[in-house]
Amino acid sequence: MTKQKIVVIGAGMASGRVLETLTEAAPEQFDITLFNAEPRGNYNRIMLSPVLAGDQTYEDIVTHDDAWYADRGITCRFGEKVTEIDRDAKIVKGANGDVAYDKLIFGTGSEPFIIPLPGHDLDGVIAYRDLEDTERMMSMGEGNKVVVIGGGLLGLEAAAGMAARGVEVTVVHIMGHLMERQLDEAAGYLLRKSLEGKGITIKLQANSKEIVGEDGKVKALMLDDGTELPCDLLVMAVGIRPNTALAKEAGLAVGRGIHVDDQMLTSATDVYAVGECVEHDGAVFGLVAPLYDQAKVLGQTLLGEEAAFVQKTLSTKLKVTGCDLFSAGDFAEGENREDIVFRDPSRGVYKRLVIEGNKLVGAVMYGDVADGNWFFQLIKDETDIDEMREMLIFGPAYQGGEASDPLSAVAALPPEAEICGCNGISKQTIVDAIAAGATDLGAIKSTTKASASCGTCTGLVEQVLQVTLGDEFKMPAAQSICGCTDHTHEDVRRLIKSMPLQSQEAVWQELGWKTRNGCHVCRPAINYYLLADWPLEYKDDPQSRFVNERKHANIQKDGTYSVVPRMWGGVTTPAELRAIADAADKYDVPTVKVTGGQRIDLLGVKGEDLPNIWDDLNKAGMVSGYAYSKGLRTVKTCVGTDHCRFGTQDSTGLGIKLEKILHGAWTPHKLKLGVSGCPRNCAEATCKDIGIVCVDSGYQISIGGAAGMDVKETELMCSVPTEEDAIEVVLAVTQLYREGAKYLDRIYKWLGKVGMDWIVEQVVDDLENRKALAARFELSQTIYNHDPWADHVEAKADKYAPMADLTLEAAE
Amino acid sequence: MSWIDIGDINDIPLRGARIVKTQVGCIAVFRTAPDEVFAVSDTCPHKQGPLSEGIVHGQSVTCPLHNWVFDLNTGQAQGADEGSIPTYPVRVDGTRIMLDGEAVSRRTAA
Ligand code: SRM
Ligand SMILES: Cc1cc2nc3c(=O)[nH]c(=O)nc-3n(C[C@H](O)[C@H](O)[C@H](O)COP(=O)(O)OP(=O)(O)OC[C@H]3O[C@@H](n4cnc5c(N)ncnc54)[C@H](O)[C@@H]3O)c2cc1C
Ligand code: SF4
Ligand code: FES
């Protein structure tokens, strides 16, 4: 019997399996020639990462050595690329000569995708695919800097492997969280945290702009925000593309990959393909599990047996020590889906199951992945989980599951974490006091002073009591922010500072949120707390804001908007008034109204027109009036010494100064100021959040007024001699309010909780503290004191228009 | 179905929405945190609030006018509120968003 001539292009993981099947079942039946572009035979490519990390050697991961091929009579042509195929003559052409085939197998795998950034062809810019790349990375060590573009599976394994060698690694990722295709944002946050714990720097939402070189060698990566990241090596791990060039030239049907049917047959007779180079039923592949299935099917087909390839659900793990994550199935698309979320902050565990109807369709977990395969099986088997739904998330071992514990965040706090900010009392001090016999809140207050001042940390002190004493302590019921959490606003505020937490994902995970990403009640509050406490570290999230603050205009009942430009201190000019009049004409503004805040409101502007009307007003020197914000609204003034016969100080001038300094600041609720030139108080300063009444001897500053749902007169806080002092006191008290108050408490409500005595202590008596508060306010203003209208006109004007208009197309 | 390319997924902010004008009215196309995409009517059945301007959480949106919450899968109002919004077939091909042209043309709507 003449042997059947089989030629294989590519000695990869998929074709390797085919060869195993064939030579095991019918060692004498085939005459096999194996080409490989790499100068070696088949090795376990996925184990390159452990080799990089130093846990294994190349020798450990070779699956087929020279002897293996020799024993099976396989002709190896390694280091030789197939350059052409003559299908009519059934001949394959390599650099060292032709080979005839009866059956041809493509196993060409895929090629790493290289972003065509300027400088991508510099020496030192590599991908992560083969042994050469791995060796290049292994040549890096202490003192070297490497940038990895891509925060997916490969990029992170590369980063972790090099970090383990002492290399200073930075990962640059374009999306909002790591491994976004396999993980949700919560698991992505935990992954990021543990990678940062390994010394890896991670930059999210970072766009690469250019690779900078010197003498033909890579020197740095430049991001589009101007950041320059110096590096000795740059690894691009941004995706792969099926290697199809040769197949295309040979005239095979190729889409994203080489088209194959269920038997792995391509569009040409006697030509087959397996592995990452194929496209089957619209799908391409990037993990080995389905490739092994394909290899088995092809082996059986060539042996004349019946077999068909079926796509299955896949699961992913990351091969980085200490990062236990698992994801399987699908959490996109589809109707009637339901989430089950479990978080255990003290163990750093997050689990989420996605259920559709009575079936589990997806699972993501981090930290505790023991049940991963069980869930994966439920997904693959499409098991009816209706009966076990309640306990499902606790895995196969649990009958009675535990509810997530709101105390675990406090239990997990390190001893030195500050619980009471006013008096600088740490968790340890409180625990010591409890051990010494202070077993209720009153006793803690008197022995440690914790929660004895402003009182906002009361809830946390009680939790420390509960964690330490267990059932001996009865917790008073507290009002949580919303259904997503058991924590109160006050507790969350303090924990954000003391843990510290600097992102929404961190808050959700570390404080055991019960939902995936909050709701319309907690998200705006958390966004505010984060930006108030971490102005430099946290980036404001417009998607966690109510429409008015996201679009910088007030939404009206018919979906149009009102536009209110600032009129500093209520003073305007003929030119400004003309520009307002022109804008009203140009954009068909139905109503122009003088507001109760000494400025002009243009009501009824269409959403699409906003950037245009803003641009016009900007050009006339006007900026957003923030009439929509939980932030500084207006500073109402009277005419003061400039014109009034009773004026004692320049109330108009001070009002304008204050409005300019405070402009753009976000506060727990809206903030309105008034400055009157004398006690006749024409600016109604004594019913504002902060009111200043000028007198001969200086400035009387009072706070906590209101004239809305509640009407309140302000309470006097202090009198100061100079305008400079007045400004500093206003900034300090504003900052104290920003740092301490519950979201949506106006100053008068906050005042009612913390008391005037305490506020006076902080901003009037303690001069050093006053200055520190004012300085923190000014620091925050380096980020927020600007005009959002101008920013939006420049950066995202196009987002105000519909993304598509199908009214015309659909009519065809 | 006849899929129409309406734009790139990156043109919609994460946990946000953009509108598409169609013969059956404005349709809000949502993008949730894990890059799921939903297309529903932009108009709240309560008092016609623009849902594309609401806060997106999980697979729900909260109407910006009076806080009704809708499940984007089914279009059903959640909790005590009663009402629903039409949903439209949409899919993502790579990064392109495809909306079903038949479902949003007047012919099939009538
Ligand atoms: C435009 C204006 C009425 C007017 O035509 O004069 C106005 C309009 C609105 N006010 Fe006001 N308030 C306006 C001055 C006031 C004043 C008077 C003042 O500032 O001197 C008060 C009482 C003083 C105070 O705040 O204590 C006032 C107390 C309120 C309240 C009650 C607040 C409270 O804590 O009790 C609300 C509701 C809220 O904020 O939750 C409110 C909410 C609103 C909202 C934003 C309702 C909303 O959420 O959509 C209105 C927006 C209309 C729009 O689309 O533009 N408005 N509002 C005034 C704009 C002032 C400005 O130039 O920025
Ligand atoms: C670092 C790394 C880690 C990974 N980790 C995992 C993991 O944890 N889990 C997982 O499931 N998957 C993982 N993968 C993916 C997995 O390795 C691939 O899915 C698998 O190797 C693909 O097998 P293949 O046979 O299709 O192609 P390959 O293994 O790439 O083999 C293709 C071979 O064909 C050769 N070739 C191409 N064109 C020609 C030509 N014209 N002539 C001759 N030879 C040619 C190439 O040189 C190559 O050697 C990882 C990949 C890498 C790079
Ligand atoms: S008083 Fe009521 S109706 Fe009038 S503007 Fe203020 S919120 Fe609107
Ligand atoms: S219009 Fe949507 S809730 Fe009222």
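Residues numbered from 1 in each chain as written. Chains lettered and ligands numbered in written order. Predicted model: local features only at pLDDT ≥ 70, side-chain atom pairs only at ≥ 80, totals over all residues. Heavy atoms only, no water.

1. Some thoughts on the packing of aromatic side chains
Residues and elements named next belong to chain A. Inspection of every chain in the model, using the stated rule, returns 15 aromatic pairs over all chains. Between the aromatic rings of Phe-285 and Phe-309, the centroid separation amounts to 5.8 Å while the plane-to-plane angle is 70°, which identifies the pairing as edge-to-face. Here the residue Phe-285 occupies a position in the loop between strand 20 (278–280) and helix 9 (288–302), and Phe-309 occupies one in the loop between helix 9 and strand 21 (315–317), the gap between them amounting to 24 residues. Like Phe-309, Phe-285 is buried. Ring geometry for Trp-614 and Tyr-800: centres 5.6 Å apart, planes at 85°, overall edge-to-face. Of the two residues, Trp-614 is situated in helix 20 (residues 610–619) and Tyr-800 in the loop between helix 26 (788–796) and strand 39 (804–805); the sequence distance between them amounts to 186 residues. Given a relative accessible area of 9%, Tyr-800 falls into the buried group. Members of the aromatic cluster, connected to one another through ring pairs, are Trp-68, Tyr-69 and Phe-78. (Phe/Tyr/Trp six-rings, centres within 6.5 Å; stacked < 30°, edge-to-face > 60°. Helix = DSSP H or I, 4+ residues; strand = E, 2+ residues; numbered from the N terminus. Buried < 20%, exposed > 50% of the residue type's maximum accessible area, 1.4 Å probe, protein only.)

2. What about a nonpolar patch on the surface?
Side chains of Leu536(A), Leu779(A) and Ile783(A) sit close together on the surface and give an oily, nonpolar patch of about 250 Å² of accessible area. Along the polypeptide, Leu536(A) turns up in the loop between helix 17 (522–533) and helix 18 (547–551). (Patch = residues over 30% accessible without salt bridge, like charges linked within 9 Å, V, L, I, M, F, W, Y side chains within 5 Å. Areas by Shrake-Rupley, 256 points an atom, 1.4 Å probe, with all protein chains shown as cover. Salt bridge = Lys/Arg side-chain N within 4 Å of Asp/Glu carboxyl O.)

3. Some points on the nonpolar core
All names here are of chain A. Ranked by size, the top nonpolar core spans 92 residues in total, and within it Met-162, Leu-191 and Trp-513 carry the most contacts. For this core, the element with the most residues is helix 17, which contributes 8 residues. Apart from residues no more than four positions distant in its own chain, Met-162 is found in contact with Leu-52, Met-137, Val-146, Val-148, Val-167, Val-169 and Val-235. Counting 48 residues, the second largest nonpolar core, distinct from the first, contains Trp-68, Tyr-69, Met-264 and Ala-307. (Core = buried A, V, L, I, M, F, W, Y, C linked by side-chain atoms within 4.5 Å. Contact = heavy atoms within 4.5 Å.)

4. Some thoughts on the sheet that holds strand 35 (residues 698–703) of chain A
All names here are of chain A. Judged by pairing direction, the sheet is mixed, and its 5 strands sit side by side in the order 32-33-34-35-38 without closing on themselves. This sheet does not close on itself; its edge strands, each paired only once, are strand 32 (632–637) and strand 38 (715–720). Neighbour-to-neighbour, the strand axes of the sheet open up by a mean angle of 15°, direction not taken into account. Both strand 34 (residues 690–695) and strand 35 contribute to a ladder of 6 bridges, which runs antiparallel. Opposite Cys-694, over in strand 35, you have Tyr-699 as the bridge partner. The sheet contacts of helix 21 (residues 651–662) involve strand 32, strand 33 (671–676), strand 34 and strand 35, and relative to strand 32 the element is tilted by about 170°. Seen against the sheet, helix 22 (residues 723–740) touches strand 33, strand 34, strand 35 and strand 38 and runs at an angle of roughly 140° to strand 38. (Pairing = 2+ DSSP bridges. Axes fitted to C-alpha atoms, helices over the stretch in contact; angles between N-to-C directions.)

5. Overview of helix 17 of chain A
Along its 12 residues, helix 17 of chain A runs 16 Å from first to last C-alpha, staying within 8% of the 16 Å computed at 1.5 Å per residue. Among the 12 residues in helix 17 of chain A, 12 count as buried, and that is most of the element. Of all the residues in helix 17 of chain A, the buried ones are Cys522(A), Arg523(A), Pro524(A), Ala525(A), Ile526(A), Asn527(A), Tyr528(A), Tyr529(A), Leu530(A), Leu531(A), Ala532(A) and Asp533(A). Buried-residue contacts for helix 17 of chain A involve helix 15 (489–498), helix 16 (504–510), helix 22 and helix 25 (767–784) of chain A together with strand 5 (55–57) of chain B. (Expected span 1.5 Å × (residues − 1).)

6. Quick word on the site of ligand 1
Residue and element names in this part refer to chain A. Around ligand 1 lies a shell of 21 residues, among which Gln-556, Thr-595, Gly-596, Arg-599 and Lys-670 are the nearest. In this structure, an oxygen atom belonging to ligand 1 sits 2.7 Å away from a side-chain N or O atom of Arg-599. Note that an oxygen atom of ligand 1 is positioned 3.3 Å from one of the side-chain N or O atoms of Asp-601. Only strand 31 (600–605) and strand 36 (706–707) provide two or more residues apiece to the shell around ligand 1. Considered class by class, the residues forming the shell around ligand 1 number 5 nonpolar, 9 polar and 7 charged. (Near = heavy atom within 4 Å. Polar contact = N/O pair within 3.5 Å; in protein donor to acceptor, adjacent residues only side chain to side chain. Nonpolar A, V, L, I, M, F, W, Y, C, P; charged D, E, K, R; others polar.)

Honestly, that's just the spatial picture; any functional story needs more than this.
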